[in-house]
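# Secondary and tertiary structure notes
Each chain is listed here by its residues.
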Amino acid sequence: MARVVVTGGAGFLGSHLCEALLDRGDEVVALDNLLTGDVANIEHLFARPGFTFVRHDVSTFIWVPGPVDAVLHFASPASPRDYLEMPIQTLKVGSLGTHNSLGLAKAKGARFLLASTSEVYGDPQVHPQHESYWGHVNPVGPRGVYDEAKRFAEAMTMAYHRYHGLDVRIVRIFNTYGPRMRVDDGRVVSNFLVQALQGKPLTVYGDGSQTRSFCYVDDEIRGVLDLLDSDVTGPVNIGNPDEYTVRELAELVLEVTGSSSEIVHEPLPADDPAQRRPDITLARTALGWRPEVDLREGLARTADWFRRTLG
Ligand code: UDP
């Protein structure tokens, strides 16, 4: 049993992580400023022994009383719509928030895990993306606020590891979906499912030939915990390598939901990566991890959740 601090604990991934940690008997202190997180994601955890929530912006100094065994830094706007609307907060939580979270881990002698992202690869010129690829990021483009914040966060994490001897882990999370995504977060899976369930047109950006590889949230969280428990520093890609075009995703969403919505096209956002697929050789060999939920099954589960949420 461990006492674990989760930043962004009321967010989509953070809340699933808190729940998985409690399920295995850990104590959890969730920190969140509720900028994109939502107390509704963790309401069901308040009654559980060992769960504490503190409303706090981790871009300012963090202090948690008592012993801490691990700090998992998951706080950040993560949907392109969110980080384009909140560019400064995104840069701050990736830089100052990472520094403060590392400082907490160092003060407590705790292990530190950074939630990094496939966005460190930018619009990749190497496919699929292996951890050894340095990426292709436009630092001054609109997505740069997220990509460069996470790249800084990785560099800061490795500096604490090398200079202070801090025990660290870096996970590069690829597109993840599942229950508790916000209805209006603007990401492709939530947009398409909500549009399909409401009988509205599915908005494919560009011609829909760009690809993504979608990981169901339970698989993603299991991978994160496998990395946390391992002695692998990383970075390690955790994502589902099954690659789909956005157009194929739209068609699958229509099929899974039984919706007769039409598909319409809207302009492609600036610097939208043309392709993305994780090479998960390292996760498979070093952690024994692989995803188990395929896209059809995961979409069906997520559609059920959106149906209930939308009432
Ligand atoms: N996308 C789309 N329609 C939408 C939302 C997103 O076609 O309503 C596309 C977007 O341009 C990108 C892909 O779907 O190519 C994934 O977008 P998302 O915002 O989910 O995450 P990203 O992988 O770009 O960070």
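To start, this report covers the structure provided alongside it. (Residues numbered from 1 in each chain as written. Predicted model: local features only at pLDDT ≥ 70, side-chain atom pairs only at ≥ 80, totals over all residues. Heavy atoms only, no water.)

Around the ligand sit 18 residues in total, of which T203, Y205, R212, D272 and R276 are the nearest. Take N191: an N or O atom from its side chain is 2.8 Å from an oxygen atom of the ligand. At 2.7 Å from an oxygen atom of the ligand is found a main-chain nitrogen or oxygen belonging to Y205. The protein chains hide 95% of the 520 Å² of surface that the ligand would expose on its own. Contributing elements (two or more residues each) for the shell around the ligand: α5 (188–197) and β8 (202–205). Of the residues belonging to the shell around the ligand, the class tally is seven nonpolar, five polar and six charged. (Near = heavy atom within 4 Å. Polar contact = N/O pair within 3.5 Å; in protein donor to acceptor, adjacent residues only side chain to side chain. Areas by Shrake-Rupley, 256 points an atom, 1.4 Å probe, with all protein chains shown as cover. Helix = DSSP H or I, 4+ residues; strand = E, 2+ residues; numbered from the N terminus. Nonpolar A, V, L, I, M, F, W, Y, C, P; charged D, E, K, R; others polar.)

The next thing to look at is the layout of surface pockets. Its boundaries defined by the atoms lining it, the second largest pocket holds a volume of some 220 Å³. Lining the second largest pocket are 14 residues, and of these R151, E154, A155, R172 and P235 sit closest to its centre. Those elements that provide at least two residues to the lining of the second largest pocket are α4 (144–164) and β6 (168–173). No other element matches α4, which puts four residues into the lining of the second largest pocket. A breakdown of the residues in the lining of the second largest pocket according to their chemical character gives eight nonpolar, two polar and four charged. (1 Å grid on protein atoms, 1.4 Å probe; cavity = no way out; pocket = protein on both sides within 12 Å on 5 of 7 lines; lining within 4 Å. Points joined across faces, edges and corners; volume = space filled by probe spheres on them.)

Let us look at the pairing of strand β2 (residues 27–32). Along β2, five of the six residues are buried, which leaves the element largely enclosed by surrounding structure. Bridge analysis of strand β1 (residues 3–7) against β2 gives five bridges, and the strand direction is parallel. Bridging from a neighbouring strand, V4 pairs with V28 of β2. This β-α-β element, β1 to helix α1 (residues 12–23) to β2, shows right-handed connectivity. With five bridges connecting them, β2 and strand β3 (residues 51–55) associate as parallel partners. Within the sheet, the bridge partner assigned to V29 lies in β3 and is T52. (Buried < 20%, exposed > 50% of the residue type's maximum accessible area, 1.4 Å probe, protein only. Pairing = 2+ DSSP bridges. Right-handed = clockwise from strand over helix to strand, strands pointing away.)

Now for the pairing of β6. Across the six residues that make up β6, a large majority, six, are buried. Neither face of β6 is left uncovered, since the one carrying V168, I170 and R172 and the one carrying R169, V171 and I173 both have all their residues buried. Both strand β5 (residues 111–117) and β6 contribute to a ladder of six bridges, which runs parallel. Counterpart to T117 in the pairing with β6 is I173. Taking the sense of rotation as the criterion, the β-α-β connection linking β5, α4 and β6 turns out right-handed.

From the geometry alone we can't say anything about function, so treat these as descriptive.
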